[in-house]
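Residue-level listing of the chains:
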Amino acid sequence: MPDQVAPLSQRPAWKALTAHAATLKPQHLRDLFKSDPARGTRLTAEAEGIFLDYSKNRVTDDTLKLLIELAEQSGLKPHIEAMFTGQKINITENRAVLHVALRAPASESIKVDGEDVVPEVHKVLNKMAAFADQVRSGKWLGYTDKPIKNIVNIGIGGSDLGPVMAYEALKHYSQRDLTFRFVSNVDGTDFVEAVHDLDPEETLFLVASKTFTTLETMTNAHSARSWTLAKLKQTEAIARHFVAISTNDKEVAKFGIDTANMFGFWDWVGGRYSMDSAIGLSTMIAIGPDNFRKLLAGFHAMDVHFRTTPFEKNLPVLMGLLTVWYTDFFDAQTVAILPYEQYLKRFPAYLQQLTMESNGKHVTLDGTHVDADTGPIYWGEPGTNGQHSFYQLIHQGTRLIPCDFIGFSKAVNPLGRHHDMLMANVFAQAEALAFGKTAEEVKAEGVPDALVPHKVFEGNRPSNVLLANELTPEMLGKLVALYEHNVFTQGVIWSIDSFDQWGVELGKVLATKILGEIESPTAPAPTAHDTSTTNLINRYRATK
Ligand code: G6Q
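In short, a report on the structure. (Residues numbered from 1 in each chain as written. Predicted model: local features only at pLDDT ≥ 70, side-chain atom pairs only at ≥ 80, totals over all residues. Heavy atoms only, no water.)

Quick look at the sheet that holds strand β13 (residues 463-468) now. The six strands are arranged β1-β2-β13-β12-β10-β11 in an open sheet whose pairing can be described as mixed. Among the strands making up the open sheet, the edge pair consists of β1 (44-47) and β11 (377-379). Across the sheet, the mean angle from the axis of one strand to that of its neighbour is 15 degrees, orientation sign disregarded. Of the pairings in the sheet, the one linking β1 to strand β2 (residues 50-53) comprises four bridges and is antiparallel in character. (Pairing = 2+ DSSP bridges. Helix = DSSP H or I, 4+ residues; strand = E, 2+ residues; numbered from the N terminus. Axes fitted to C-alpha atoms, helices over the stretch in contact; angles between N-to-C directions.)

Structure (structure tokens):
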């Protein structure tokens with residue numbers, strides 16, 4: 001395991017950055033570009049078909065040098081090696097963190113507790129591929145011998161957000177005569193709406209749950225079972241209409257799914273890092289095994305880049321360090337993810353879990369309170385829609401919101417001038433945020449004095465522009481891995497465990513307790529809660 005490092009505020013680079021930030025903050029991006037026009041081409045990095053322009057950030061060469069020193073003093077290099085070599089860096093759960101093994105080529109060997117996990121990964125991939133081919137070709141028949149036409153993934157959190165995001169992102173590459181639906185919420189509406197126009201005879205459920213005990217998923221899976229049996233009557237039908245994706249074969253068997261129809265994964269795959277494991281079965285059925293392997297190859301290419309490239313040219317490292325810079329030295333609370341690609345409409349939601357569940361921590365690896373702010377809030381919407389709603393605040397509000405613009409040189413669906421218009425907006429927004437419009441410029445347009453302050457754009461608002469060639473399965477893998485390693489970089493600087501999620505536990509425990517209290521009509525009114533909670537429960541019991 002990597003050596004322990006000094007608390008953040010005592011690392012020399014941190015102290016130097018604190019002093020440096022004070023001198024840099026008053027400087028405007030307009031001046032930084034004026035005194036150093038070459039920064040527009042110099043402060044860029046390119047890897048695996050992704051071009052990152054980070055020149056419109058409030059940094060200089062000195063800032064970058066110090067941030068990289070901070071990465072070194074935080075032990076980023078040994079931490080990367082520890083992750084890639086299967087060491088148990090998720091210390092609170094005593095687990096290895098090996099999503100990188102899910103996309104390792106068969107020729108590689110990665111050991112956990114002395115055992116090579118790569119052959120197992122490929123065994124599951126082959127089993128998924130055989131199954132996906134059967135469904136795609138219409139050979140997998142339902143209980144009444146009709147081919148499957150509808151695939152419904154039931155899962156939540158990490159067992160849902162990746163599959164939904166990837167399905168939407170790669171719809172262009174999907175088999176269009178199959179219908180895909182995703183059910184996650186325990187709100188019955190989610191299930192009812194997902195199946196309202198489907199025929200159980202032609203519907204296959206993928207029950208995706210690492211633990212196979214998650215309340216929402218098991219409740220939805222039982223409703224799916226009842227919905228199926230209401231038409232097909234015989235319990236033997238379940239074997240043709242349900243498969244499981246899980247690490248828990250006992251619970252899968254208990255549910256009544258044949259473990260021959262179970263696709264496994266391992267405790268070293270975190271939920272939010274699992275879209276390229278068997279959890280991606282819906283993706284593989286949608287786009288086919290060949291495209292799924294291209295997706296994995298994209299992930300792997302970014303893994304190699306992250307592991308082997310010097311920090312100055314390392315895309316995830318640079319992006320991670322910039323996020324630390326704004327979070328801790330500019331008090332930025334959020335990061336906006338702005339994909340100018342309609343197919344990436346669920347990408348911000350996917351990144352919300354990846355980033356916020358990973359780095360929403362206030363305790364360091366040694367159990368002490370972290371001495372800086374951690375994980376910013378990630379949010380966003382695809383461009384250009386956001387421009388007509390929340391960009392106002394980014395341009396003229398009082399908060400600093402670093403933005404990641406994501407654009408592509410080629411349209412997946414070329415249509416007249418649409419793509420040029422879309423991309424013109426990427427460049428225009430980043431330019432407007434950085435350089436703004438001064439009072440003099442506004443006045444020169446003949447704007448009356450009273451309106452001038454309203455029409456001034458201060459500028460000096462930072463952004464990254466990520467420009468990639470085209471959204472393909474391979475490119476999606478690269479983009480997701482880019483953010484996975486960006487998050488990892490941030491977590492290492494803050495010395496937190498980016499791979500546990502204890503913060504979701506308390507609410508779950510309380511909900512189970514309260515469920516018992518509201519379901520039993522004879523139970524006495526609960527008293528063990530605070531007066532507000534008791535009052536709400538009683539009101540609900542009386543009005544439901
Ligand atoms: C992700 C979290 C969480 C998890 C869900 C679903 O990193 O662990 O979002 O994915 O709670 O868990 P199961 O897959 O076990 O149902």
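From this point on, the discussion continues.
In the neighbourhood of the ligand, 13 residues make up the surrounding shell, with Ser159, Ser209, Lys210, Thr211 and Thr214 lying closest. In the environment of the ligand, an oxygen atom lies 2.6 Å from a nitrogen or oxygen atom belonging to the side chain of Ser159. Contact between the ligand and Thr211: an oxygen atom at 2.6 Å from a side-chain N or O atom of the residue. Here the ligand, which alone exposes 410 Å², has 86% of that area covered by the protein. A majority-of-atoms criterion places the ligand in the largest pocket. For the shell around the ligand, the residue count by class is one nonpolar, nine polar and three charged. (Near = heavy atom within 4 Å. Polar contact = N/O pair within 3.5 Å; in protein donor to acceptor, adjacent residues only side chain to side chain. Areas by Shrake-Rupley, 256 points an atom, 1.4 Å probe, with all protein chains shown as cover. 1 Å grid on protein atoms, 1.4 Å probe; cavity = no way out; pocket = protein on both sides within 12 Å on 5 of 7 lines; lining within 4 Å. Sits in = over half its atoms within 2 Å of the grid points. Nonpolar A, V, L, I, M, F, W, Y, C, P; charged D, E, K, R; others polar.)

Before going further, it helps to spend a moment on the pairing of β2. Following β1, the chain reverses through two residues before pairing antiparallel with β2; Glu48 in that reversal takes a positive phi of roughly 50 degrees. Of the pairings in the sheet, the one linking β2 to β13 comprises four bridges and is antiparallel in character. In the strand pairing of β13, Phe51 is matched with Leu467.

The terminal C-alpha atoms of helix α6 (residues 118-136), which comprises 19 residues, lie 26 Å apart, in line with the 27 Å expected from a rise of 1.5 Å per residue. Every buried residue belonging to α6 is among Val118, Val121, His122, Val124, Leu125, Met128, Ala129, Phe131, Ala132 and Val135, and all of these are buried. The first or second residue beyond α6 is Gly138, which carries a positive phi of 80 degrees. (Expected span 1.5 Å × (residues − 1). Buried < 20%, exposed > 50% of the residue type's maximum accessible area, 1.4 Å probe, protein only.)

This part covers the environment of Gly157. Tracing the chain through its elements places Gly157 in the loop between β5 (150-154) and α7 (161-169). Here Gly157 falls in the partly exposed class, since its relative accessible area comes to 23%. Expressed as a C-alpha distance, the spacing of Gly157 and Ser209, which sit 52 residues apart in the sequence, is 9.5 Å.

Any functional reading would require information that these geometric values do not contain.
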